[in-house]
Amino acid sequence: MKIWTERPTRTDVEAVVCHYFSLLRAGRIPEAVQLVDHASVRHVLRSLWDGSVDAGVDEDEASGTPAADQWEQDLSWLRELELADFHWGYEATGFYVEILYRARIIEVSLSFRVKPVDAGWVLSGPATLW
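Visitor: Help me out: how do you make sense of the pattern of salt bridges in this one?
Guide: Two side chains bearing opposite charge may form a pair once their charged atoms approach each other closely. What the rule picks out here adds up to four salt bridges. When the shortest N-O distance is used, the salt bridge between aspartate 37 and lysine 115 registers 2.7 Å. Placement of aspartate 37 in strand E2 (residues 37-38) and of lysine 115 in strand E5 (residues 104-117) is noted, with a sequence separation of 78 residues between them. Take aspartate 37: its relative accessible area is 26%, and that puts it in the partly exposed class.

What follows is the structure in structure tokens.
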């Protein structure tokens, strides 16, 4: 995981999140997870799916939807997600980032926290916010 010896700037942290997200979008999940002190990647991916692709399915169309586990089998849907705005907290240690799906902000955001560890500072997360 990325470790800073001094407290990182917002720009440094946002660059890591952008890199993390670009790896997710490319389906390079193991590499993305290595950048942050990561929560459950399966939970994160499922939440992104539920908030984007699955949210666009009408109940009437449910019978024609892909298998329930398609989000795990075919990660191509991740390429349709983009990062939107970063929203930093008062003390600049925690923030969340909005996610776009097909140019629309979805209901789920990803939150991160910059936290001190013995070796310096790391980025922890993401948690999902609904």
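Visitor: Hey, could you run me through the pairing of strand E6 (residues 120-129) in this one?
Guide: Side-chain positions along a regular strand alternate between the two faces of the sheet. Among the 10 residues that make up E6, eight are buried, leaving the element largely enclosed by the rest of the structure. As judged from the two bridges shared by strand E1 (residues 3-4) and E6, these two strands associate in the antiparallel manner. In the sheet register, isoleucine 3 faces E6, and the bridge partner there is valine 122. Judged from the eight bridges that link them, E5 and E6 form a sheet pairing that is antiparallel. Looking at the pairing, valine 117 lines up with glycine 120 of E6.

Visitor: I tried to follow the packing of aromatic side chains on my own but got confused; where do I start?
Guide: To describe a pair of aromatic rings, one takes the distance between the centres and the angle between the planes. According to the stated counting rule, one finds five aromatic pairs in the structure shown. When the ring of phenylalanine 86 is compared with that of phenylalanine 95, the centres are 5.9 Å apart and the planes differ by 40°; the resulting orientation is tilted. Judged by its relative accessible area of 4%, phenylalanine 95 falls in the buried class. In this structure an aromatic cluster arises from ring pairing among Tyr20, Phe86, Trp88, Phe95 and Phe112.

Visitor: Could you clarify how one ought to interpret a nonpolar patch on the surface in this entry?
Guide: Residues Met1, Ile3 and Val117 make up a contiguous nonpolar surface patch of about 240 Å² in total accessible area. Its place among the elements puts methionine 1 in the segment before E1.

Visitor: I would appreciate a short explanation of the nonpolar core in the present structure.
Guide: The tendency in soluble globular proteins is for nonpolar side chains to be buried as a group. Counting residues in each nonpolar core, the largest one holds 35 residues, and the members touching the most others are Leu48, Ile99, Phe112 and Leu123. Of all elements in the fold, only helix H1 (10-25), helix H2 (29-33), helix H3 (41-51), strand E3 (81-88), strand E4 (94-101), E5 and E6 reach the threshold of two or more residues within this core. Counting residues per element, this core draws most heavily on H1, at seven residues. Excluding residues that lie within four positions of it along the chain, phenylalanine 112 makes contacts with Val17, Tyr20, Val36, Thr93, Gly94, Phe95, Val97, Leu123, Ser124, Gly125 and Pro126.

Visitor: Please explain the environment of histidine 38 as it appears in this structure.
Guide: As for its position among the elements, histidine 38 is in strand E2. Between the C-alpha atoms of histidine 38 and phenylalanine 112, which are 74 residues apart in sequence, the distance is 9.6 Å. Look past the residues within four positions of histidine 38 in its chain and what remains in contact with it is Tyr20, Val33, Val44, Gly125 and Pro126. Polar contacts involving the side chain of histidine 38 include one to the side chain of tyrosine 20, which spans 2.8 Å.

Rules of the game
- Residues numbered from 1 in each chain as written.
- Predicted model: local features only at pLDDT ≥ 70, side-chain atom pairs only at ≥ 80, totals over all residues.
- Heavy atoms only, no water.
- Salt bridge = Lys/Arg side-chain N within 4 Å of Asp/Glu carboxyl O.
- Helix = DSSP H or I, 4+ residues; strand = E, 2+ residues; numbered from the N terminus.
- Buried < 20%, exposed > 50% of the residue type's maximum accessible area, 1.4 Å probe, protein only.
- Pairing = 2+ DSSP bridges.
- Phe/Tyr/Trp six-rings, centres within 6.5 Å; stacked < 30°, edge-to-face > 60°.
- Patch = residues over 30% accessible without salt bridge, like charges linked within 9 Å, V, L, I, M, F, W, Y side chains within 5 Å.
- Areas by Shrake-Rupley, 256 points an atom, 1.4 Å probe, with all protein chains shown as cover.
- Core = buried A, V, L, I, M, F, W, Y, C linked by side-chain atoms within 4.5 Å.
- Contact = heavy atoms within 4.5 Å.
- Polar contact = N/O pair within 3.5 Å; in protein donor to acceptor, adjacent residues only side chain to side chain.

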